[in-house]
Structures are given as structure tokens and as C-alpha cells.
Amino acid sequence: MKDVQIYDIYADAEKDIEGLIAQAKVEKKNIMIQAGGNWCIWCIRFTEFLNNSMELKEIIDKNYIYYHLNFSPENEKIFSRYDNPDYFGFPVIIILNENGEKIHIQRTDVLEQNDGYNREMVMKFLMSWIKYS
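Residues numbered from 1 in each chain as written. Predicted model: local features only at pLDDT ≥ 70, side-chain atom pairs only at ≥ 80, totals over all residues. Heavy atoms only, no water.

Student: Would you explain the overall build of the chain in this entry?
Tutor: Tallying secondary structure elements over the chain gives five helices and six strands in all. Scaling as 2.2 N^0.38, a compact globule of 133 residues should have a C-alpha radius of gyration of about 14 Å, and the chain matches this with 14 Å. In terms of principal-axis extent, the alpha carbons of the chain reach across some 35 × 35 × 25 Å. The proportion of buried residues among the 133 residues of the chain is 47%. Expressed as a percentage of contacts within the chain between residues at least 6 apart in sequence, the contacts between residues at least 24 apart total 69%. When the accessible area of the chain is evaluated, it comes to approximately 7300 Å², of which 50% is carbon and sulfur surface. Taking the 15 positively charged and 21 negatively charged side chains of the chain as two groups, their mean positions are separated by 6 Å. (Helix = DSSP H or I, 4+ residues; strand = E, 2+ residues; numbered from the N terminus. Rg over C-alpha atoms; globule rule 2.2 N^0.38 Å. Buried < 20%, exposed > 50% of the residue type's maximum accessible area, 1.4 Å probe, protein only. Contact = heavy atoms within 4.5 Å. Areas by Shrake-Rupley, 256 points an atom, 1.4 Å probe, with all protein chains shown as cover. Lys, Arg positive; Asp, Glu negative; His and termini not counted. Charge placed at Lys NZ, Arg CZ, Asp CG, Glu CD.)

Student: What is the right way to look at unusual backbone geometry in this model?
Tutor: What is expected of a backbone is that most residues other than glycine have negative phi and most peptide bonds are trans. A cis amide bond, omega -5 degrees, links phenylalanine 90 with the succeeding residue proline 91. Look at lysine 28: it is not a glycine, yet its phi comes out positive at around 55 degrees. Tracing the backbone through its elements, the reader meets lysine 28 in the loop between helix H1 (13-27) and strand E1 (30-36). Judged by its relative accessible area of 47%, lysine 28 falls in the partly exposed class. The phi torsion at asparagine 114 lies on the positive side, around 55 degrees, for a residue other than glycine. In this fold, asparagine 114 is placed in the loop between strand E5 (112-113) and strand E6 (116-117).

Student: Even after reading the chapter, I still don't get the pattern of salt bridges, so can you show me in this structure?
Tutor: Where side chains of opposite charge bring their charged atoms close, a pairing between them can arise. Counting across every chain of the model gives six salt bridges. For the salt bridge of arginine 119 with glutamate 55, the shortest nitrogen-to-oxygen distance reads 2.6 Å. Placement of the pair is arginine 119 in helix H5 (residues 119-128) and glutamate 55 in helix H3 (residues 54-63), with a sequence separation of 64 residues. Close ionic contact of aspartate 61 with lysine 57 constitutes a salt bridge, the shortest N to O distance being 3.1 Å. Of this pair, aspartate 61 and lysine 57 are both found in helix H3, four residues apart, which corresponds to roughly one turn of the helix. (Salt bridge = Lys/Arg side-chain N within 4 Å of Asp/Glu carboxyl O.)

Student: It is not clear to me how the packing of helix H2 (residues 41-51) against H5 should be interpreted in this structure. Could you clarify?
Tutor: Axes are the key here: two packed helices are described by the angle between their axes and the distance separating the axes. At a minimum axis distance of 12 Å, the contact between H2 and H5 shows a crossing angle of 85 degrees. Considering the angle they form, H2 stands roughly perpendicular to H5. Of the residues in H5, those in contact with Phe46, Phe49 and Leu50 of H2 are Arg119, Val122 and Leu126. (Axes fitted to C-alpha atoms, helices over the stretch in contact; angles between N-to-C directions. Parallel < 35°, antiparallel > 145°, perpendicular 65-115°, else oblique.)

Rendered as C-alpha cells:
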């Protein structure tokens, strides 16, 4: 696979997440954090799967603020805040409400199908955590 860089290894994730929370409050959306790394083939596949489905991408763009959180020692404090979800493997999805409170952690291995992801299962997951006003 080509050298894909979906995670910014130099990002100040703490500052980024603070900004996401402020944005989520204004936009009245939940935050969808995809935790993983550029070294993770399934992380890249998940991002590409979402980006290549107009319907799924539209659901995310309309209802979530989507962020890629790099799994690294620098971000250990952030992961501990969300109960160290890395034990699920990667990618793992952390859903936060507009106040930055964790409301769900989603394993993605249960959404896999063959060498990719199951569209209906991913759709059901995304629809489950939409913030309705």
C-alpha cells in the first residue's frame, strides 16, 4: 500500500481536542475520534472506506466532527482519559459529546468484512451516535 499519512504525528492532540469540543458546542455535533496510526493498515482502510462512500461521508460530515488521533507516547494522557481504548486494537473509535465527555468506544474489528468493512454495519454504528436536537 502506498505511504498514506492520515494521522498527523506532530499534532498537538490536546489542543486539537479542545478546539474540537469548542466547535462541537457551536455546531451541536458529537465528535468522532479515530485512534490509530499511519502504520495501521486497518486504520487506513477504515478512513478510505468512509471517504469512498458518498453516503457514509455525508453522514459523518453532517453529524460529526471527525478527527484522527495518533497513538503515541505523547498522547498517552489523552488515551488514559478515555479508559485506554487501545486494548480493542486499531483503529478504535471514540465518540464524545459536545462537552468532550466519552459516550461510546467502538471496536472496528466487528465492522470488518473480508479485506474491508461492512457498509451496513458501519452505517448502523454511525447512525447510533448521531446527536439529535
